[in-house]
Amino acid sequence: MEVTKVTDAMGELSMSAAAVCVGAAVWLMGGRQWGARRARLLLAGGGVVGTGPPSWERAAGELLRLRGRLRSEWWSLAAGLVLGLLGASVIPVVAGAAGVPVLRRVRSTREARRARERRGDAVIALCGSLAGEVRAGRQPGEALLRAVRDSGGFAEAQAAVLAAARFGGDVPGALAAAARQPGAEGLLGIAACWRVAVDQGAGLAAGLDRLDGALRAERDQRADLRAQLAGARATAVMLAALPALGLLLGTAMGADPLHVLLHTGAGLGCLVVGGLFEAAGMWWAARIVRGAEAA
């Protein structure tokens, strides 16, 4: 999780830097020329002045569309190309290309976590909706049909649950099969409540209410823990960005750190050792956060 936060911050930083550079270049090359052309047309009276946006606005729009089409991991390669041009070396390009599959895996993990959280929220919504339908006097099968349609979040297994509820099939079995999806483990509780209500005549709504309260408490506990760990994540991101800040300060002071790091033996050694320490620190910080969340 911490690796995801760090890579997101680095991707946003590189994207912002690229946007600033492109915007400045386009403004210098096109913005002033557009103003000059407008003034000449106004003074000469030759034609109607166009009302379209200037070139820098069109370039900004193209940049935003490009951002929507490109995945975040490709900004690693873009940053490597920029550093390679500035440092006249292929090492940043190779490093940026090597970071693409790593960031792609991180992005996939982040998307899987978000999908898991959405399924968990859908299960909680299903518990509340099903309990409300049962209290309204509907039969469990009809109540489940309405609740599943309203909750959403696990559409992959929705058809099986709906079929079992509509045609008198094995509803607990369908719910248990749907619970195999990450984040939908709470469906096992609904299946247990259904079995108890059908086999022993216990109140289905009461069991669903208790299950809903337990799932909500677990979700709130995770959110509270995530908020408590936000400071540690921010500190780790700031420490991970310090080497880049050091390079910027060295460049501002005229030390040419890229040349030292990429074209001297001592600089290459420092680069390798520093990269290893950076990776080890990020891994260790992520391990601490994961351990705290697991506990």
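Predicted, not measured: the structure shown is a model, and the values here were computed from it.

Counting residues in each nonpolar core, the largest one holds 33 residues, and the members touching the most others are Leu 130, Leu 144, Leu 187 and Ile 190. Where this core is concerned, the elements lending two or more residues are α4 (91–135), α5 (140–151), α6 (158–166), α7 (171–178), α8 (187–200) and α9 (204–228). Ranked by residues supplied to this core, first place goes to α4 with seven residues.

A cluster of nonpolar side chains, contributed by Met 238, Leu 239, Leu 242, Leu 245, Leu 248 and Leu 249, occupies part of the molecular surface with about 600 Å² of accessible area. With respect to the element layout, Leu 249 can be found in helix α10 (residues 230–252). Exposure remark for Leu 249: the relative accessible area of 49% places this residue in the partly exposed category.

A pair of packed helices can be characterised by two numbers: the angle between their axes and the separation between those axes. At a minimum axis separation of 11 Å, α10 and helix α12 (residues 265–294) run at an interaxial angle of 175°. Considered as vectors, α10 and α12 are oriented roughly antiparallel to each other. Facing Arg 233, Ala 236, Ala 240 and Pro 243 of α10, the residues of α12 in contact are Glu 278, Ala 285, Val 289 and Glu 293. Of the residues in the contact of α10 with α12, the class split is five nonpolar, no polar and three charged.

The next point concerns the side chain of Asp 212. Counting through the fold element by element, Asp 212 comes out in helix α9. One polar contact links Asp 212 to Arg 216, side chain to side chain, over a distance of 2.9 Å. Once residues lying within four places of it in the same chain are set aside, the contact partners of Asp 212 are Ile 124, Cys 127 and Gly 128.

Next up on the list: the pattern of salt bridges. Oppositely charged side chains may form a pair once their charged atoms are brought near each other. Here the structure, examined in full by the defined rule, presents ten salt bridges. We note a salt bridge from Glu 117 to Arg 226, for which the minimum N-O separation is 3.1 Å. With Glu 117 in helix α4 and Arg 226 in helix α9, this residue pair connects regions lying 109 residues apart in the sequence. Of the residues examined, Glu 117 reaches a relative accessible area of 28% and is grouped as partly exposed. Residues participating in the shared-partner salt-bridge network are Glu 133, Arg 138, Glu 142 and Arg 146.

So, about the packing of helix α3 (residues 74–87) against α4. As a packed pair, α3 and α4 sit with axes 7 Å apart at the nearest point and diverge in direction by 170°. The orientation of α3 with respect to α4, classified from their angle, is roughly antiparallel. Every residue of α4 that contacts α3 at Trp 74, Ser 76, Leu 77, Gly 80, Leu 81, Leu 83 and Gly 84 is listed here: Pro 92, Val 93, Gly 96, Ala 97, Gly 99, Val 100, Leu 103 and Arg 104. Across the contact of α3 with α4, the residue classes break down as nine nonpolar, five polar and one charged.

Cut-off values and rules
- Residues numbered from 1 in each chain as written.
- Predicted model: local features only at pLDDT ≥ 70, side-chain atom pairs only at ≥ 80, totals over all residues.
- Heavy atoms only, no water.
- Core = buried A, V, L, I, M, F, W, Y, C linked by side-chain atoms within 4.5 Å.
- Buried < 20%, exposed > 50% of the residue type's maximum accessible area, 1.4 Å probe, protein only.
- Helix = DSSP H or I, 4+ residues; strand = E, 2+ residues; numbered from the N terminus.
- Patch = residues over 30% accessible without salt bridge, like charges linked within 9 Å, V, L, I, M, F, W, Y side chains within 5 Å.
- Areas by Shrake-Rupley, 256 points an atom, 1.4 Å probe, with all protein chains shown as cover.
- Salt bridge = Lys/Arg side-chain N within 4 Å of Asp/Glu carboxyl O.
- Axes fitted to C-alpha atoms, helices over the stretch in contact; angles between N-to-C directions.
- Parallel < 35°, antiparallel > 145°, perpendicular 65-115°, else oblique.
- Contact = heavy atoms within 4.5 Å.
- Nonpolar A, V, L, I, M, F, W, Y, C, P; charged D, E, K, R; others polar.
- Polar contact = N/O pair within 3.5 Å; in protein donor to acceptor, adjacent residues only side chain to side chain.

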